[in-house]
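Commentary on secondary and tertiary structure
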Amino acid sequence: VALGLYFPRKEYLENVYIDEPVGMPLLRIHALKDSHDEVAHFHLCQNLIISRGRHENNWFQIKEKTGLLYLSKSLDREDFNMLSVGNWKPLPKVMLYVHPFQEKECDSTTRTTVFLTLINATAPACSSLTARQLCFTEMDLSFHIKENKPPGTFHQLQLPSVHHLCQNLSISYKLLAAEGVPFRYNENSTSVRVTQRLDREERERYELIAKCTVREGFREMQVEVPFLVNVLDEDDSPPFLPNGTDTADAVVEFNRKEGTVLSTLTVYDADTTPIYPLESSRKKYTGTIITDDPWISETFRVEHIFDEIHFSPNGSQVRGTRHEY
């Protein structure tokens, strides 16, 4: 059962121009697995969402096995006018949902959103585009990968639409990264792959650079953009005590004022950071006085405060929580 598939991006953005040909590739969507035997089957949810309304989707299709979104019908001026009715923005957007399962239900927890900007003009000539436009879309190259999950391909650097339209240009990419990072770039497919299971408690964020070179005859242009991977947490590490101390002595003297702190105990959790609302973090760990004496229960109480702290395994900062009782 493919219930663990998830998208490394919450949303995708692309432009659609008038009169682009049928079959025009727009963008490629990827899904990552929870377990090795899962297979993604990409499906579009039925309707286009346009400025809060819904419209039947007659223009866009997705290849079930590869996640390539393409035009199944050319968007003419009449279509553009119909889809932009009531949309006061100069560049109207339509929204599509994609989910990675064979079953046709569009579950909001597993879908990703595609925003297509409709442009009331034909596609610009390749020679008029900057290196930045030829190499990268307006999307940030920022991804979320769950820890402890199998390796897999999560992005393709080459833009399918530009590759399709600008065949006279040579566009090549490199992924610049420190030695030993768990990501690999494949020059033939221009795809980026996570090569091993990640551990958020070891490292929470990877900052790489995608470099693109455009060659046209003797002219060469280069552009670099940040390529960021955030590691999503699973609750997989038990809390721990500094110095292994799990008890604290409390000495109670006479005439102590109400509110006097008699003893403290600290617990660290490298896994999670404080969750908001704070009550959900408070419920995760509770402090209890174990006693049969009702006087003790009435006279003393355990207070719980917590804050976010940073651990530094391998020199990289990882967020966690310090609980004080």
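Since this is a predicted model, take the numbers as computed values, not measurements. (Residues numbered from 1 in each chain as written. Predicted model: local features only at pLDDT ≥ 70, side-chain atom pairs only at ≥ 80, totals over all residues. Heavy atoms only, no water.)

**Regarding the overall build of the protein**
A tally of regular secondary structure across the protein gives five helices and 19 strands. Relative to the globule expectation of 20 Å for 325 residues, the C-alpha radius of gyration of the protein, 27 Å, shows a markedly less compact shape. For the protein, the C-alpha atoms occupy an extent of roughly 85 × 45 × 40 Å along the three principal directions. Sorting the 325 residues of the protein into buried and exposed places 42% on the buried side. Expressed as a percentage of contacts within the protein between residues at least 6 apart in sequence, the contacts between residues at least 24 apart total 68%. When the 35 positive and 46 negative side-chain charges of the protein are each reduced to one mean point, those points stand 7 Å apart. (Helix = DSSP H or I, 4+ residues; strand = E, 2+ residues; numbered from the N terminus. Rg over C-alpha atoms; globule rule 2.2 N^0.38 Å. Buried < 20%, exposed > 50% of the residue type's maximum accessible area, 1.4 Å probe, protein only. Contact = heavy atoms within 4.5 Å. Lys, Arg positive; Asp, Glu negative; His and termini not counted. Charge placed at Lys NZ, Arg CZ, Asp CG, Glu CD.)

**Some points on the layout of surface pockets**
Considered as a void within the structure, the largest pocket measures approximately 1,100 Å³ in volume. Considering the residues around the largest pocket, the lining is formed by 31 residues, among which Thr260, Leu262, Phe300, Arg301 and Val302 are closest to the centre. A total of four residues in the lining of the largest pocket trace back to one element, the largest contributor, which is helix H5 (residues 294-299). Split into classes, the residues belonging to the lining of the largest pocket amount to 15 nonpolar, eight polar and eight charged. (1 Å grid on protein atoms, 1.4 Å probe; cavity = no way out; pocket = protein on both sides within 12 Å on 5 of 7 lines; lining within 4 Å. Points joined across faces, edges and corners; volume = space filled by probe spheres on them. Nonpolar A, V, L, I, M, F, W, Y, C, P; charged D, E, K, R; others polar.)

**Examining the nonpolar core**
The biggest cluster of nonpolar side chains holds 34 residues, and the ones touching the most others in it are Phe136, Ile145, Phe154, Leu157, Phe183 and Phe227. Within the residue set of this core, elements represented by two or more residues are helix H2 (131-135), strand E10 (141-146), strand E12 (170-176), strand E13 (183-186), strand E14 (191-194), strand E15 (205-216) and strand E16 (219-232). With near-sequence residues (within four places) excluded, Phe136 lies in contact with Leu141, Leu157, Leu159, Tyr173, Ala210, Cys212, Val223 and Val225. Of all hydrophobic cores here, the second largest spans 31 residues; its members include Ile18, Ile29, Trp59 and Val94. (Core = buried A, V, L, I, M, F, W, Y, C linked by side-chain atoms within 4.5 Å.)

**So, the domain arrangement of the protein**
Domain parsing of the protein yields domain 1 (1-123), domain 2 (125-234) and domain 3 (235-324). Relative to domain 3, the C-alpha centre of domain 2 lies at a distance of 43 Å. The partner domain 3 presents 12 residues to the nine residues of domain 2 that form the contact. Its largest share of buried area at the contact with domain 3, domain 2 owes to Glu201, Glu202 and Glu204, together 54% of the area lost on that side. Applying the counting criterion to the domain 2 and domain 3 interface returns one salt bridge. The partner of Arg319 in a salt bridge is Glu204, and the shortest N-O contact between them spans 2.6 Å. In this assembly, domain 2 and domain 3 are joined by seven residue pairs in polar contact (both at pLDDT 80 or more). (Domains from an automatic or database assignment. Buried area = accessible area lost by both parts, 1.4 Å probe. Salt bridge = Lys/Arg side-chain N within 4 Å of Asp/Glu carboxyl O. Polar contact = N/O pair within 3.5 Å; in protein donor to acceptor, adjacent residues only side chain to side chain.)

**Section: the sheet that holds strand E19 (residues 318-324)**
Reading across from one edge, E17-E19-E18 is the order of the three strands in this open sheet, with antiparallel pairing throughout. Both edges of this open sheet fall to strand E17 (266-269) and strand E18 (305-311), since each of them pairs with a single strand only. Strand-to-strand twist of the sheet, defined as the mean angle between neighbouring strand axes without regard to direction, takes the value 30 degrees. (Pairing = 2+ DSSP bridges. Axes fitted to C-alpha atoms, helices over the stretch in contact; angles between N-to-C directions.)

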